Amino acid sequence: MNTRRFTDLASAADDTTRRAFVSQLARAAFGLTSGSLALGSARAASLPFARPAARQVIYLFLRGGMSHLDTLDPKPGAGTQGPVEALRTRADGVLLGQYFPKLAQQMDKACIVSSMSSKQGAHPQAQYLMRTSYEKRGTIQHPSLGAWIQRGVGRQNEALPGHVILGGGGEMPTAGFFPPHFQALPIGDPTSGLQNATRARGIDEGRFARRLDLLGKMNAEYRSRHDVRDVAAYDESYAAAVRLMRSEDLAAFDIDRESDAMRSIYGETSFGSGCLLARRLVEHGVRCIEVVSDGWDTHADNFDRLSDLAPSIDQGLSALLADLDARGLLQETLVVLATEFGRTPDIDQDQGRNHYPKAFSCLLAGGGIRGGMRYGKTDQEGREVIENAVSIQDLNATIAHAAGLSVDEVVTSPSGRPFKVADKGSPILELFA
Amino acid sequence: MMILRHLLPFAALLAALPAQDDQKPQGQPEGKPKAEAKPAQEPKDGKEKEAAADKVDFVAQVLPILEKNCVECHKAPYTDADGKKKRPKGGVTLDTRDGIEKGKKGKLVVSTKPDDSMLYHSITLPADDEDRMPPAKKGDPLPQDQLDLIKKWIEQGADFGTWKGAEAKADAKDEAKQDKKAGEDQKKSEDKPKGDSKGKDAGKGGLAMLESGLPMLSEEQFATLRAHFSVEPAAADSALLRVTAFGRESSIDDAAIAALSSASGHIAELVLARTHVTDAAIATIATMPRLVHLDLRGTKVTDDGVVALGAATQLRSLNLYGTSVGDRGIAALSACKNLEQLYVCETPVSAAAVVALQSSIPSARIVFAADLPEPMADADQGNARARRR
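Residues numbered from 1 in each chain as written. Chains lettered and ligands numbered in written order. Predicted model: local features only at pLDDT ≥ 70, side-chain atom pairs only at ≥ 80, totals over all residues. Heavy atoms only, no water.

How do you make sense of the side chain of B:Thr347 when you look at a structure like this?
All names here are of chain B. For Thr-347, the position within the fold is in the loop between strand S8 (341-343) and helix H15 (351-360). The buried category is assigned to Thr-347, whose relative accessible area is 6%. A polar atom in the side chain of Thr-347 sits 2.7 Å from the backbone oxygen of Val-344. (Helix = DSSP H or I, 4+ residues; strand = E, 2+ residues; numbered from the N terminus. Buried < 20%, exposed > 50% of the residue type's maximum accessible area, 1.4 Å probe, protein only. Polar contact = N/O pair within 3.5 Å; in protein donor to acceptor, adjacent residues only side chain to side chain.)

Looking at this structure, I do not really get the packing of aromatic side chains. What am I missing?
Each aromatic ring pair is summarised here by two numbers: the centre-to-centre distance and the angle between the ring planes. Applying the stated criterion to the full structure yields eleven aromatic pairs over all chains. Measuring from centroid to centroid gives 5.0 Å for A:Trp148 and A:Phe178, while their planes differ by 70°, and the two rings are edge-to-face. One end of the pair, A:Trp148, is in helix H5 (residues 145-153); the other, A:Phe178, is in the loop between strand S6 (163-166) and strand S7 (185-187), with 30 residues separating them in the sequence. Of the two residues examined, A:Trp148 and A:Phe178, each falls in the buried class. Their ring planes at 20° and their centres at 5.9 Å tell us that B:Phe160 and B:Trp163 sit as a pair that is stacked. As far as burial versus exposure is concerned, B:Phe160 and B:Trp163 are alike and both buried. Site record: aromatic cluster; members linked through ring pairs are A:Tyr134, A:Trp148, A:Phe177, A:Phe178, A:Phe182 and A:Phe419. (Phe/Tyr/Trp six-rings, centres within 6.5 Å; stacked < 30°, edge-to-face > 60°.)

Please clarify how the state of the cysteines should be interpreted in this entry.
Note: disulfide means a covalent bond formed between the sulfur atoms of two cysteine side chains. Inspection of the entire model under this criterion finds zero disulfides over all chains. Free cysteine A:Cys288: the closest other cysteine sulfur is in A:Cys275, separated by 16 Å. Free of any disulfide, B:Cys70 has its nearest neighbouring cysteine sulfur in B:Cys73, separated by 9.0 Å. Residue classification places B:Cys70 among the buried residues on the basis of a relative accessible area of 11%. (Disulfide = S-S within 2.5 Å.)

In this structure, what is going on with helix H10 (residues 302-326) of chain A? I would like to understand it.
It helps to recall that an α-helix has 3.6 residues per turn; residues three or four apart then point in one direction. All names here are of chain A. If you check H10, its first and last C-alpha atoms are 35 Å apart, about what 25 residues at 1.5 Å a residue would give, namely 36 Å. Along its length, H10 reaches its greatest deviation from straightness, about 30°, at Leu-309, and the proline Pro-311 lies no more than four positions downstream. With 21 of 25 residues buried, H10 lies mostly within the body of the structure. Just downstream of H10, Gly-328 is the residue with a positive phi angle, here 75°. (Expected span 1.5 Å × (residues − 1). Bend = angle between axes of the 7 residues up to and from the residue.)

In this structure, what is going on with the sheet that holds strand S12 (residues 360-365) of chain A? I would like to understand it.
Two orientations exist for strands paired in a sheet by backbone hydrogen bonds: parallel and antiparallel. Residue and element names in this part refer to chain A. Strand order in the open sheet made by the eight strands is S7-S6-S8-S2-S9-S12-S5-S13, with mixed pairing throughout. Pairing within the sheet leaves two strands with one partner each, and these edge strands are S7 and strand S13 (373-375). Along the sheet, successive strands turn relative to each other by an average axial angle of 20°, direction set aside. Running at roughly 155° to S6, H5 makes contact with strand S2 (56-62), S6 and strand S8 (288-293) of the sheet. (Pairing = 2+ DSSP bridges. Axes fitted to C-alpha atoms, helices over the stretch in contact; angles between N-to-C directions. Contact = heavy atoms within 4.5 Å.)

This is the structure we're talking about:
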């Protein structure tokens, strides 16, 4: 962050390896103000626990279906590749599509799962499946993964919601049949933070307290007559809102407190601001944060649209990984880049790619995940998974496992049906350092 | 004739069967006396069998037929490998004595009267009758010798012997099926809570070694801690704790840290980021014998505090991001040979000090400058910026 350090480093580098010295010098010589970074091996060091312990999960959801061939699983030379070129990354042998030059510099921290495969090729159903591990049914609303994680490990910060969703609209993950306090707090625009969270003008704390007190008295009789879960849940949501209003942590939602420099490092896009806000929330101990990026359903002009869409992801994600690492939070925070399905290897007459659940890619980093690797393989043209197929349930089981949940625990819904956090999924243990 | 031929091998098998059934639900404890009473009975049973050589034995002869042909659909409700709740077809269960003798649909077997027994009736219906069991879609009619055997068993009084039911056994089988995907399925009852933990890390002696013999914290102790901090187990079912200050940073100062001393031996992770703790608190923290992760981001801790931390030789991860800790403090950490991660971005620590520390703890990863990307090109964020209020 500061150039002085690099001059010092060059003079003090006698003891470091030649390779480390050269790479550091190169960065300094190219005038980068931010550069390397860490001495010591780049492996995700093991925390002393026998199993991973991601204390927070940031889930970046690219809604609409991200084309795997153009992003995380390029196939240079294949007929299906189209005009997008492949980039080499900091991880040996791991290639990325050309729109991700900054992520390429962070690939030592991340693992691409390129063997995702599912059978669900319709948006709402596939998004639902990604977030809940279950097929959408008319008879039940399944809890989202974020709700499961809160239920499994509780909150770290009592004043803030355990699950926050940034950006995006449309269908949101819910607490399903879990109690309503596991519901995510949606924030439509990350740049404007949490709205209406302060007392109305002219209402001082004393008056506010008297009003709440009066409300309590008026509710008391009703509450005593209807001592049931839903009434209690309603009260609890009021209490939670008041706790939040009074919390010093309200500032966590305000990204205007970040410097302009930091804002532009994350990118002043909706997604970048979402990533920055996610980092702030992680710093305040919020368990699960989802950042939504819309517009990935590129049926026509796939390549033009990707060149618009991808840079904000490249910027936001690489800033997030680097910043979390610098703050010592990446080791305990799992970052997932996910999408509901891939896009067809064949390019149609509109330069589009269409829905393709058979093979797609996601990315995981931090939270005990081994970086610098690719897990699973698709064939030469990106059509079929040919190694280590990973179902959506397996991905969710991996996330749940990282977060410290038991994937075997059966929870019975109020209607008496048994469910597990990731249905039949098994965690991919090979991904953990 | 045929029955006799069957009986001989079964007589031998009998000695083993009941004992096995009893062992299964108990699972692992090999050391326990294995249902000593049973083997003593067996010889006697055997003799009785010889005496009444003609008597059909339910467990040895009839039950296998039911298990092979019927029980798949007719057993006590259970959750299958897909997490689906399965109920017995038609409410008929054939895997327990109660199910057969007093099922929901009434007696399936009427002692000595095969023709009044629903069980016998439904397996002897013509193949094209839709009530015939097993259903045409599921399997072939039972062969005549098996029908005769069941008939004979009923005629002889439908004696179940000591058999009560295979509930426990059936459950164990189902769960085993579920487990197969996750890995080995033996010894499950013992390993279950830790589940996947027995991966490659198990040998590293991590949490398990740290907490061996550590008792769980009492409820009162928990309550004391929770008055100031947010507290959770460091891992599922662990006696070790992760203690954080989230949401209460402004109220946590050196005095609050003193309150941690009652649980000092239980704390594995301590997150004090942005709290008011100072160097004075470090003396308490440095003596926590199992503390492996300490987060002091953005606190007022200085070199003096970190020098005091030098005593915490078991520490694996230390976060000093955004503190005023400098080279003197960092130098003192060279005693912490177990240190795996050290975060010193946004501090006055010099590269020289980092290099020096690195050479004394070669295995540590020391993060001293952020690897942040260049800001986004204006063209790429132009539209988005316009949207910003």
